[in-house]
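Analysis of the macromolecular model
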Amino acid sequence: MATTAPATTHRLPAVRDLLRSNGLWLWLIVAAGSTLRLQQFIFNRSFWHDETLLATAFADRGFAQLVFEPLANNQAAPVGYLVLVKLVTVLLGTHEWTLRLVSLLSGLATLPLTVALARLAFASSVARATLVGLVSISPVLVYYSAEFKQYQGDVLGTLLILWLTLRFRPDHWREDAFWLALAGAVGIWCSHAILFVLAGSGLALWLEMARRRDLRAWLAVNAVGLVWLTSFVADYLVALRSVPHNAYLAGFWAASFAPIPPSTLADLHWFREAALGLVYLCFLQMGTAFREVLPGWFSGSVHALLALTVLGSVALAFQRVRAAAMGAVTLMAVLGASALHQYPFRARLILFLVPFVFLALAALVQQLHELPLRRAAPWLAAGLAAGVLWMPLRLSLHFVRHPHNYQDIRGALQFIADHRQPGDHAMLSSWTYPAYSFYAPRTGLADLPRFVYQPTINEIHNIRSTVRRICQDPASGRTWVLATNQIVANNLAFLDALRSVSPPLQTYLLEGGALFLHDFRPTGYCQRYR
């Protein structure tokens, strides 16, 4: 008994030291962020409208077509991202999880990279934990780690260039310039948004090396810029030049271009709205980030977070001039491109700016920690950290219990497959058809007849003309009407028009839409055309 007591006594301080270890807590936060991302990925929600548009444009193409030909369905994605996804599907098959695997790996890779960035940027453990925690639990970053879109790769590119820029040392200019040039040159092919981050990185380093009068480092930065420019020109000539000239995309994002120079009060309001939208995206965005302005943008909490972000940006300028300059130039670059109608400043397209917001808030926590208040400063810093982390943590924990499943088309079609009868057919709009065409073969409904209509402003005419086609088909039986959120949430005339012909026999509600079973055959309207 006497021989074991000293060993136990020595073990307890070691355990306490381990628990107090800054590195341990950071990696525990990383583990939590990884769990959140893996949970959403494993849940394997149904593709929503935009994902199916990209999936149907992607699935039947070879590598050469993905690189050299524009995508169908008005889709735009970096060719590097498409090639990576194609490699995965060639090896593992085309499924939801294989199409989303690159996004998941990008989301997981952001976490250790954020740890490296936090250790480089901040001295205090609370500021480091704030940055790592915000990136780990941000609901929008968790969500886009499980979506078949390139936006999580944009975030990964931002963090990588941020880290490489901050670690650039004039006395190690050969090695650091090499990795910065390589990361940027490859990133240009994998992310459209990384161009703005590279502009911020390049100009911040160029000005700093010029101010230092370090000729070798300054020339190295110039060489890095030439490598990036060469890669961009090649990418533009091969794949990118068709994107800015897509009339549909330009019209779709028309309200998202910066009015520079502002000439009216409405123009000034646009900038306030854009700033609030960015902060909302970082902390409170749940699921897909749409282009529409949300009432939640203008809440008191979002205004408070915006004010903290501004203060944090000032703090960052005092602590890490290079990082602050990089963020400012990146913001000006994307706003300039937006003013030229080359890049919308809204929603998921500015997801790559999220790390800059989180970096500013972590800098503010660091500033509080450094206040000349021996006892109060650590508590103030910890209180601010807990406050900014609580809101995204609460939302992310909610989605652990209730995972995202927006527009559950797969579930709706599986319901039809389980309850169909001979003669049944589907009725759906052209908005819903891409998802239907993707999932019908996968749910055993490839042989199910379908009646597709194009939504217009006259919904009653659309419905009645489609029902008339159904009635004129002698083989038609019951009608499964599949309606996604574009119809159910935004156009109640759709439901009214259906009910005016025949009330539904059955209604199956799904997230982001609904499924209705009708039998139009006995109705007087149908009898006139049969």
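The structure contained in this document is the topic of the report that follows. As the structure is a prediction and not an experimental result, all values here were calculated from the model.

What follows is about the nonpolar core. With 100 residues, the main nonpolar core has Leu 131, Phe 283, Leu 351, Phe 358 and Leu 359 as its most contacted residues. By residue number, the principal contributor to this core is helix α17 (residues 354-369), which donates ten residues. The contact partners of Leu 359, leaving out residues within four places of it in the chain, are Leu 117, Ala 121, Phe 122, Leu 131, Leu 162, Leu 316 and Ala 323. With 38 residues, the next largest nonpolar core counts Ala 55, Ile 409, Phe 438 and Leu 515 among its residues.

Here the focus is the layout of surface pockets. If you roll a probe as big as a water molecule over the atoms, it shows you where there is empty space left. The space that makes up the largest pocket amounts to roughly 1,200 Å³. Contributing to the lining of the largest pocket are 46 residues, with Leu 249, Phe 252, Trp 253, Pro 344 and Leu 349 lying nearest its centre. With four residues, the top contributor of residues to the lining of the largest pocket is helix α13 (residues 247-252). The class makeup of the residues in the lining of the largest pocket is 27 nonpolar, 13 polar and six charged. Lining the second largest pocket are 23 residues, and of these Leu 278, Thr 309, Ser 313, Leu 331 and Val 357 sit closest to its centre. Among the secondary structure elements, those contributing two or more residues to the lining of the second largest pocket are α14 (265-283), α15 (300-319), α16 (321-339) and α17. Residues of the lining of the second largest pocket, tallied by class, amount to 20 nonpolar, three polar and no charged.

To continue, consider the sheet that holds strand β5 (residues 513-518). With mixed pairing, five strands are arranged side by side in an open sheet as β2-β1-β3-β5-β4. The open sheet has two free edges, formed respectively by β2 (450-453) and β4 (506-510), since each of these has just one partner strand. On average, each strand axis in the sheet is inclined to that of its neighbour by 15°, with strand direction left out of account. Looking at chain direction, strand β3 (residues 479-484) and β5 are connected through six bridges and run antiparallel. Following the sheet pairing, Trp 480 is matched in β5 by Leu 517.

A few words on the side chain of Asp 154. With respect to the helices and strands, the residue Asp 154 is situated in helix α9 (residues 151-166). The buried charged residue Asp 154 lacks any salt bridge partner; its closest oppositely charged side chain belongs to Arg 348, at an N-O distance of 9.7 Å. Excluding residues within four positions of it along the chain, Asp 154 makes contact with Ser 191, His 192, Ala 193 and Phe 352.

Right, let's talk about α16 for a bit. The terminal C-alpha atoms of α16, which comprises 19 residues, lie 27 Å apart, in line with the 27 Å expected from a rise of 1.5 Å per residue. When we look at burial in α16, the residues that qualify are Arg 322, Ala 323, Ala 324, Met 326, Gly 327, Val 329, Thr 330, Val 334, Leu 335, Ala 337 and Ser 338. Looking at the buried side of α16, the elements it contacts are α9, α11 (194-212), α14, α15 and α17. His 341 lies just past α16 and shows a positive phi near 60°.

Cut-offs used in this document
Residues numbered from 1 in each chain as written. Predicted model: local features only at pLDDT ≥ 70, side-chain atom pairs only at ≥ 80, totals over all residues. Heavy atoms only, no water. Core = buried A, V, L, I, M, F, W, Y, C linked by side-chain atoms within 4.5 Å. Buried < 20%, exposed > 50% of the residue type's maximum accessible area, 1.4 Å probe, protein only. Helix = DSSP H or I, 4+ residues; strand = E, 2+ residues; numbered from the N terminus. Contact = heavy atoms within 4.5 Å. 1 Å grid on protein atoms, 1.4 Å probe; cavity = no way out; pocket = protein on both sides within 12 Å on 5 of 7 lines; lining within 4 Å. Points joined across faces, edges and corners; volume = space filled by probe spheres on them. Nonpolar A, V, L, I, M, F, W, Y, C, P; charged D, E, K, R; others polar. Pairing = 2+ DSSP bridges. Axes fitted to C-alpha atoms, helices over the stretch in contact; angles between N-to-C directions. Lys, Arg positive; Asp, Glu negative; His and termini not counted. Salt bridge = Lys/Arg side-chain N within 4 Å of Asp/Glu carboxyl O. Expected span 1.5 Å × (residues − 1).

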